[in-house]
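Spelled out from the first residue to the last, the chains are:
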Amino acid sequence: MAPGELPRKVASPTLTVLLCLGLCWGLWDQAQMGTLPKPSIWADPSPMVTKRSRVTIWCQASLQADNYYLYKDRLIVSLETLDTSRDSSNKAGFSITSMSSHNVGKYQCLYQIGEILSQPSDLLPLVMTGQHEAPSLSANPGPVVALGGNVSLSCSSSWPRGSYRLLKEREADAPQHLEWMFRRERGQGIFHVGPVNTSHAGTYRCYVSPQSYPDSWSHPSDPLHLQVTGVYKAPSLSAMPGSLVQSGDSLTLQCHSETGFDRFALTKDEELRAPQSLEGQPSPNFLLGSVSHTHGGQYRCYCEHKLSSTWSAPSAPLGVLITGGVSRSSPGPSSAGQSNTLSGQLHPESRDLRPRGDLPVLQLKQQLLLPVVTAQ
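Residues numbered from 1 in each chain as written. Predicted model: local features only at pLDDT ≥ 70, side-chain atom pairs only at ≥ 80, totals over all residues. Heavy atoms only, no water.

1. Topic: the overall build of the protein chain
The helix and strand inventory of the protein chain stands at 1 helix and 28 strands. Split into buried and exposed, the 376 residues of the protein chain put 46% on the buried side. By sequence separation, contacts in the protein chain at least 24 residues apart represent 74% of the contacts at least 6 residues apart. Here the protein chain displays about 19,300 Å² of accessible surface, and carbon together with sulfur accounts for 52% of that area. (Helix = DSSP H or I, 4+ residues; strand = E, 2+ residues; numbered from the N terminus. Buried < 20%, exposed > 50% of the residue type's maximum accessible area, 1.4 Å probe, protein only. Contact = heavy atoms within 4.5 Å. Areas by Shrake-Rupley, 256 points an atom, 1.4 Å probe, with all protein chains shown as cover.)

Below you can see the structure in the form of structure tokens.
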């Protein structure tokens, strides 16, 4: 094809699409000045693909198009053809049957109607994952954060130099990117999040890629569940038969809330610090069973709505005193001074605790913004 020459229409039912490794400058220059709206581009099932897996790049126009063109931004200038499929009049798919390092890069597409080319789509980065050891992901001070607070997510790897990406599950946004920073003999990328709102709640993973192979990503880290508290009105916590209990007697703690909650969590912490996790249960009743002096301490409960990772404010602390047995002292400390999330069982004889009233929910519209932090 001569520079500036438009491609001929393809009459075959199977659309042949031009894959440009590098830029086909004549066609591209005309597309840059195109008057047709740019198409949308995405990868199915994901733009993060494991080696030898199949992925399809979809290009969708706002109008019925005659031809579609896919560009891959690489230095090698050569042309290949791909047989593509159309499942509608305005969408074409480009299939990579076995993902390899040859396929990674940044993709764009455009379409043609008659002799007119569209503007190019946005960039779609296609990366290959599972090429290196998984990093670890942690939260400081912890993965349970009060509404309006701040938290740092740290992605650590054995690679001393590289790039770190933080992803939130079920988010359409591009991964947050962080350049490497050196900590002793390990690389570490730190993402500062805050002030925290409801959009930050969810499950996160991070990836690392070597400095020399930015499109070759590691296995994902283990998931980190970020939970936000203080979103809903605080419940109240009570003890049956009471908060002063003889050692060996049974004790049930009940979390009273307004209607609409379907998960409840109980924490025990002498110093009332933020819990390290909130593991909810369907019942608001926590049966502690036959108690001993280790059950003494300060308790709080939280409520959650539909596994959203957003929780109520904590209830006021409830002090439990255990008499007799080993200790007659004031509430005993929790193990190693840490906050514990307790699970309980539904007490078969507990009363109907269904409260009344509607739950005021804080509607926060702020979007998820994880700032990029550069190494010092």
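Structure's up, so let's keep going.
2. Considering the pattern of salt bridges
The full count for this structure, using the stated rule, is 3 salt bridges. The closest approach of N and O atoms between R205 and E169, which form a salt bridge, is 3.2 Å. One end of the pair, R205, is in strand β18 (residues 202-210); the other, E169, is in the loop between β14 (162-168) and β15 (176-179), with 36 residues separating them in the sequence. What makes R205 partly exposed here is its relative accessible area of 26%. A salt bridge links K233 to E258, with the shortest nitrogen-to-oxygen separation between them at 3.1 Å. Here the residue K233 occupies a position in the loop between β19 (224-232) and β20 (236-240), and E258 occupies one in the loop between β22 (250-256) and β23 (263-268), the gap between them amounting to 25 residues. (Salt bridge = Lys/Arg side-chain N within 4 Å of Asp/Glu carboxyl O.)

3. Some words on the confidence of the model for the protein chain
Within the protein chain, residue pLDDT values average 75, and 68% of them lie at 70 or more. Across the protein chain, element-level confidence peaks in β22 with a mean pLDDT of 96 and bottoms out in strand β16 (residues 182-183) with 42. Ignoring residues within four places in sequence, the model shows residues 74-83, a span with pLDDT below 50, making 30 contacts including any to other chains. Note on residues 327-340: pLDDT is under 50 here. Beyond four places in sequence and across chains, it has 36 contacts. (pLDDT = per-residue confidence, 0-100.)

4. Quick notes on the pairing of strand β8 (residues 105-113)
Along β8, 7 of the 9 residues are buried, which leaves the element largely enclosed by surrounding structure. Bridge count between strand β5 (residues 67-72) and β8: 6 bridges; the pairing is antiparallel. Along β8, the bridge assignment pairs Y68 with Y111. Where β8 and strand β9 (residues 116-117) come together, 2 bridges link them in antiparallel fashion. (Pairing = 2+ DSSP bridges.)

5. Side note on the sheet that holds β22
Taken together, the 3 strands give an open sheet; going across it, the order is β20-β22-β24, and neighbouring strands pair in antiparallel fashion. Only two strands of the sheet have a single neighbouring strand rather than two, namely β20 and β24 (285-290). Each strand of the sheet is rotated relative to its neighbour by a mean of 15°, with strand direction disregarded. Where β22 meets β24, 5 bridges bridge the pair, whose relative direction is antiparallel. If you follow T252 over to β24, its bridge partner there is L287. (Axes fitted to C-alpha atoms, helices over the stretch in contact; angles between N-to-C directions.)

6. Considering the packing of aromatic side chains
Enumeration over the complete set of coordinates arrives at 3 aromatic pairs. Here the basic side chain of K91 rests over the ring of W58, its NZ or CZ set 4.8 Å away from the ring centre. (Phe/Tyr/Trp six-rings, centres within 6.5 Å; stacked < 30°, edge-to-face > 60°. Lys NZ or Arg CZ within 6 Å of the ring centre and 35° of its normal.)

7. Some words on the side chain of S152
Along the chain, S152 turns up in strand β13 (residues 151-157). Within the structure, the side chain of S152 is placed 2.9 Å from the side chain of H192, a separation counted as a polar contact. (Polar contact = N/O pair within 3.5 Å; in protein donor to acceptor, adjacent residues only side chain to side chain.)

8. Re the pairing of strand β10 (residues 124-129)
The element β10 is largely enclosed, with a buried count of 5 among its 6 residues. Direction of pairing for strand β3 (residues 48-50) relative to β10: parallel, over a ladder of 3 bridges. Residue pairing for β10: V49 is matched across the bridge by M128. Across 3 bridges, β8 lies against β10 in antiparallel orientation. Across the sheet, the residue bridging to Y107 is L124, located in β10.

9. Focus: unusual backbone geometry
For the bond from G194 to P195, the omega torsion is 0°, close enough to zero to count as cis. Cis geometry is adopted by the peptide bond preceding P241, which originates at M240 and carries an omega value of 10°. Within the secondary structure, P241 sits in the loop between β20 and β21 (244-246). The phi dihedral of R52 falls on the positive side, at around 70°, and the residue is not glycine. Counting through the fold element by element, R52 comes out in the loop between β3 and β4 (55-60). In this structure R52 comes out as exposed when scored by relative accessible area, which is 59%.

10. Details of the nonpolar core
Ranked by internal contacts, the top residues of the largest apolar core, which has 38 residues, are L137, V151, L153, L251, L253 and L266. No other element matches β19, which puts 5 residues into this core. If you look at the next biggest cluster of nonpolar residues, it comprises 22 residues, including V49, I57, Y68 and L124. (Core = buried A, V, L, I, M, F, W, Y, C linked by side-chain atoms within 4.5 Å.)

11. Topic: the side chain of N197
Relative to the elements of secondary structure, N197 occurs in the loop between β17 (186-193) and β18. On the basis of relative accessibility, which here comes to 3%, the residue N197 falls in the buried class. Polar side-chain contacts of N197 include one of 2.4 Å to the side chain of S199.

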